[in-house]
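Structural description and commentary
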Amino acid sequence: MKIKISPAEGKLGILIPGLGAVATTLIAGVEAVKKGISQPIGSLTQMGHIRLGKRTENRNPKINEFVPLAQLNDIVFGGWDVYEDNVYESAANAKVLEPSLLYAVKAELEAIKPMKAAFDQNYAKNLTGTHVKTGTRYELAQQVMEDIKNFKESNGLDRVVLVWCGSTEIYYEASAIHQSLAAFEQALKDDDKLIAPSMIYAYAALKLGVPFSNGAPNLTVDIPALIELSKLTKTPIAGKDFKTGQTLMKTVLAPGLAARSLGVHGWFSTNILGNRDGLVLDDPDNFKTKEVSKLGVLEDIFKPEDNPELYGNIYHKIRINYYPPHGDNKESWDNIDIFGWLGYKMQIKINFLCRDSILAAPIALDLALFSDMAKRAGMSGIQEWLSFYLKSPQTAAGLHPENDIFKQLIKLENTLRYLMGEDLITHLGLDYYDDMFAEEV
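Residues numbered from 1 in each chain as written. Predicted model: local features only at pLDDT ≥ 70, side-chain atom pairs only at ≥ 80, totals over all residues. Heavy atoms only, no water.

Digging into the pattern of salt bridges
Applying the stated criterion across every chain yields a total of 18 salt bridges. Between Lys 193 and Asp 191 there is a salt bridge whose closest N-O contact spans 2.9 Å. Since its relative accessible area comes to 47%, Lys 193 is described here as partly exposed. We note a salt bridge from Asp 222 to Lys 240, for which the minimum N-O separation is 2.6 Å. With Asp 222 in the loop between strand E5 (212–214) and helix H10 (224–232) and Lys 240 in the loop between strand E6 (236–239) and helix H11 (246–259), the pair connects residues that are 18 residues apart, well separated along the chain. The class of Asp 222 is partly exposed, set by a relative accessible area of 24%. (Salt bridge = Lys/Arg side-chain N within 4 Å of Asp/Glu carboxyl O. Buried < 20%, exposed > 50% of the residue type's maximum accessible area, 1.4 Å probe, protein only. Helix = DSSP H or I, 4+ residues; strand = E, 2+ residues; numbered from the N terminus.)

The structure is reproduced here in structure tokens:
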């Protein structure tokens, strides 16, 4: 059955809390692609294909030709930041992209100036915001809602989505005020400091029926109150934490080890990173949030409770070190102690020299485009099919997340097939051989 999806007519606004390295790399990249001077590599919505029907049918369209996604030329960017630099200045400071590429889109980037941010330094102690809103939590939420409405009106937009590209907030667990929408809204009015800045943006977006994707490991929309609101306003949410460097490698390699029933004694991971994210994570409270997000990946893939002989005693350690000389060029090392037949030991070493924002930018784009499509398809609440992009996937209560990237891709592609009325693909393949056998008989 094909789901009715409203067409992607008119302009789509992508609003981003946190116009730092990731956001400016995304915006500059899209503007460069619009001008035909770059390619959107790493973006499934722009470069990916999807198989339809049997292999013998040879139907393999591009995803953006199969499902009704907003076109890049119809996107308008905006956002908030704790510093008042325009997007060109911020991108130049981030030093992710070459000056020549930035110069080619300088006019477009200079035109995007951040709105004042809803900020609380207690949630990001190593940042000193100078371009921030004032007021109670409730007043900040009202101001953000006004920002969204004004942005939509002044740019002649038909639809808006929000993608959090801000810093990792300090670690804390949900409390009573996060358990229901009524309790949350009362806490807003009480200016309760247990409402994080990211929750203010999420609440404002969802209240207006604007999809929200969380690119950091913060709680944000992963609380009953905002899940309730997302269902009430029939709005999609997705989270959490962009899956970029080291965790991307884990979700690729760990499923292979598990598939071959190879054991793992230990997995030691360390990173050095020098951008704004690295600075924020240099505080132990913020690092704790990221650590919890990264630690869960291996446990969910290996399932030690089901495979105690192989993974019951795995030692998993993660380190992130702030190292300014590397800037956005994150470097990770992994030492993996594995064992095979008869318990004989082996090792795997990985040294991944990646560019954090180069890997994150296409994820942010895809989440924005898919969440916009989900809204037009009448989907609401948690969009688990977008787990493919996320380090710590949000799921319905009581469900274990699926962190195997290959299973996540199957889930994403089958969701698209389902929405468009195409047969789901199980990769069983026996029907090809049954048909051949029947012809021979």
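Alright, that's what it looks like, and here's the rest.
Remarks on the sheet that holds strand E8 (residues 315–322)
Pairing is mixed across the open sheet formed by 4 strands, whose spatial order is E8-E7-E9-E10. The sheet terminates laterally at E8 and strand E10 (345–353), the two strands that pair on one side only. Taking each pair of neighbouring strands and ignoring which way they run, the sheet shows an average axis angle of 10°. Note: strand E7 (residues 263–273) against E8, 8 bridges, orientation parallel. (Pairing = 2+ DSSP bridges. Axes fitted to C-alpha atoms, helices over the stretch in contact; angles between N-to-C directions.)

Things to note about the packing of helix H9 (residues 197–207) against H10
Running from N to C, H9 and H10 cross one another at 20°; their axes reach a closest spacing of 9 Å. What the angle tells us is that H9 and H10 run roughly parallel. Handedness of the crossing formed by H9 with H10: left-handed. Side by side, H9 and H10 meet where Met 199, Ala 202, Tyr 203, Leu 206 and Lys 207 of the first sit next to Leu 226, Leu 229 and Ser 230 of the second. (Parallel < 35°, antiparallel > 145°, perpendicular 65-115°, else oblique. Left-handed = near helix turned anticlockwise from the far one by under 90°. Contact = heavy atoms within 4.5 Å.)

Comments concerning the sheet that holds strand E3 (residues 115–116)
Strand order in the open sheet formed by 7 strands is E3-E2-E1-E4-E5-E6-E11, with parallel pairing between adjacent strands. Two strands in the sheet have a free side with no partner beyond their single neighbour: E3 and strand E11 (381–382). Both E5 and E6 contribute to a ladder of 3 bridges, which runs parallel. The residue bridging Ser 213 from the neighbouring strand is Ala 238, located in E6. Helix H15 (residues 356–376) rests against strand E1 (12–17), strand E2 (75–81), strand E4 (159–164), E5 and E6 of the sheet, and its axis sits at about 140° to E4.

Quick word on the side chain of Asn 86
Residue position: Asn 86 is located in the loop between E2 and helix H4 (87–94). Owing to a relative accessible area of 10%, Asn 86 belongs among the buried residues under this scheme. A polar atom in the side chain of Asn 86 sits 3.0 Å from the backbone nitrogen of Tyr 88. Polar side-chain contacts of Asn 86 include one of 2.8 Å to the backbone nitrogen of Glu 89. With near-sequence residues (within four places) excluded, Asn 86 lies in contact with Leu 109, Glu 110, Ile 112, Lys 113 and Pro 114. (Polar contact = N/O pair within 3.5 Å; in protein donor to acceptor, adjacent residues only side chain to side chain.)

Considerations on the pairing of E10
Where strand E9 (residues 331–339) and E10 come together, 9 bridges link them in antiparallel fashion. By the bridge assignment for E10, Trp 333 is matched with Asn 351.

Things to note about the environment of Gly 266
With respect to the helices and strands, Gly 266 occurs in strand E7. The class for Gly 266 is buried, based on a relative accessible area of 10%. Measuring from C-alpha to C-alpha, the distance between Gly 266 and Ile 314 comes to 5.0 Å, with 48 residues separating the pair along the chain. Excluding anything up to four places from it in sequence, Gly 266 contacts Ile 314, Tyr 315, Asn 335, Ile 336 and Asp 337.

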